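Here is what each chain is made of, one letter per residue.
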Amino acid sequence: MQLKIYKEVGFIGMNEEMSDILIAELSENGYYGFLEEAGFLKAYIESDKFDQSIIDELGIKYGLQVAFLEIPETNWNADWETSFEPVIVNDFVAIRAGFHEPVKNVQYEIVITPKMSFGTGHHATTYLVLDAMQQFDWKNKKVLDFGTGTGVLAILAEKLGASEILAIDNNQWSIENSIENLVTNNCNNIQIIETEVLPEKGQYDIILANINKQVLIENCEAICEALLPNSILILSGLLAIDETDIVNLYGQYLGKPYLINSKNNWIVIVYSKNC
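Thresholds applied
Residues numbered from 1 in each chain as written. Predicted model: local features only at pLDDT ≥ 70, side-chain atom pairs only at ≥ 80, totals over all residues. Heavy atoms only, no water. Axes fitted to C-alpha atoms, helices over the stretch in contact; angles between N-to-C directions. Helix = DSSP H or I, 4+ residues; strand = E, 2+ residues; numbered from the N terminus. Parallel < 35°, antiparallel > 145°, perpendicular 65-115°, else oblique. Left-handed = near helix turned anticlockwise from the far one by under 90°. Contact = heavy atoms within 4.5 Å. Nonpolar A, V, L, I, M, F, W, Y, C, P; charged D, E, K, R; others polar. Pairing = 2+ DSSP bridges.

Chemist: Got a minute to help me understand the packing of helix H4 (residues 123-133) against helix H5 (residues 152-159) in this structure?
Modeler: How two helices pack is summed up by the angle between their axes together with the distance between the axes. The geometry of H4 relative to H5 is characterised by a closest axis approach of 11 Å and an angle of 15° between their N-to-C directions. For the element pair H4 / H5, the angle class is roughly parallel. In terms of crossing hand, the pair formed by H4 and H5 is right-handed. In contact with Val-129, Leu-130 and Met-133 of H4, H5 contributes Leu-153, Leu-156 and Ala-157. Looking at the contact of H4 with H5 residue by residue, the classes come out as six nonpolar, no polar and no charged.

Chemist: Mind showing me how you'd approach the packing of helix H1 (residues 16-27) against helix H2 (residues 52-62) here?
Modeler: One way to put it is that H1 packs onto H2 with a least axis distance of 12 Å and a crossing angle of 155°. Of the possible angle classes, the one that applies to H1 and H2 is roughly antiparallel. With respect to the hand of their crossing, H1 and H2 are arranged in right-handed fashion. In this structure, H1 contributes Met-18, Ile-21, Leu-22, Glu-25 and Leu-26 to the contact, and H2 contributes Ile-55, Leu-58, Lys-61 and Tyr-62.

Chemist: In this structure, what is going on with the sheet that holds strand S12 (residues 227-239)? I would like to understand it.
Modeler: Note on sheets: strands pair through backbone hydrogen bonds, and any given pair is parallel or antiparallel. Read from one edge to the other, the open sheet built from seven strands follows the order S10-S9-S8-S11-S12-S14-S13, with strand pairing classed as mixed. For this open sheet the edge positions go to strand S10 (190-194) and strand S13 (259-263), each flanked by a neighbour on one side alone. The sheet shows a mean angle of 15° between the axes of neighbouring strands, taken without regard to direction. Pairing analysis gives five bridges linking strand S9 (residues 164-169) to S10, with the strands arranged parallel. Looking across to S10, one finds that Ile-165 is bridged to Ile-190. Packed onto the sheet, helix H6 (residues 172-184) meets S9 and S10 and runs at close to 165° relative to S10.

Chemist: Please explain the environment of Ile-165 as it appears in this structure.
Modeler: Inspection of the secondary structure assignment puts Ile-165 in strand S9. Sequence-wise, Ile-165 and Glu-194 are 29 residues apart; in three dimensions their C-alpha atoms are separated by 14 Å. Not counting chain neighbours up to four residues away, the residues in contact with Ile-165 comprise Val-143, Ala-154, Ala-157, Glu-158, Asn-189, Ile-190 and Gln-191.

By themselves, these figures tell us nothing about what the structure is for.
This is the structure in structure tokens:
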């Protein structure tokens, strides 16, 4: 199989808040791998999906210098190993790479190969969703993980007792990576599908959607229709400035949120569909 070529776009002159905002905008335009360093952000996209005009607009908008590099789909791990840190949510769950030591004193531990699907800029949203997940009963639940990435949320859902989990993503690389992680974590109840739309007529007890604002807006009606009575919806991949738009939109179908939490300018919004 021919290796894909990726475009690496480097933004110079970043602070943490600007980096979060830029990651959110880039995610809405097809970028799904990020590396953050002091004053610097690297973003990755498949070369055939790269649009120079988008980067030019962002550079002007935020007053940033931009550098470009094309790289093959090989040897990602060395870069990710230098930047990837375990995600630990209190004593509930830890997500670590295979090169980390086991995390002690947690109920659940997930081992993944991080690569490009798990940028350090998304630790806050992953943390928020994991934290929200511990509040609900997953036993024998039917679950949809919309935008699965590395598959960590689906994996945790199975560990928590979900009986049937569908994990979808529109990126072939993420699908391959998530399958690798399912094997590593000995999962048996998760089905992975490459698609960018929700399955027709599928309905779920719990839906996880840690993606980005634009995808959540475009799929709002389909997501809400896929919820069973007495179900839970957990939304993230959202900046704090997105809260009003998302709450107003989803409120038309689900009423007021059950819970909204924040971390480092990112938020998670949880709905409980009681009907």
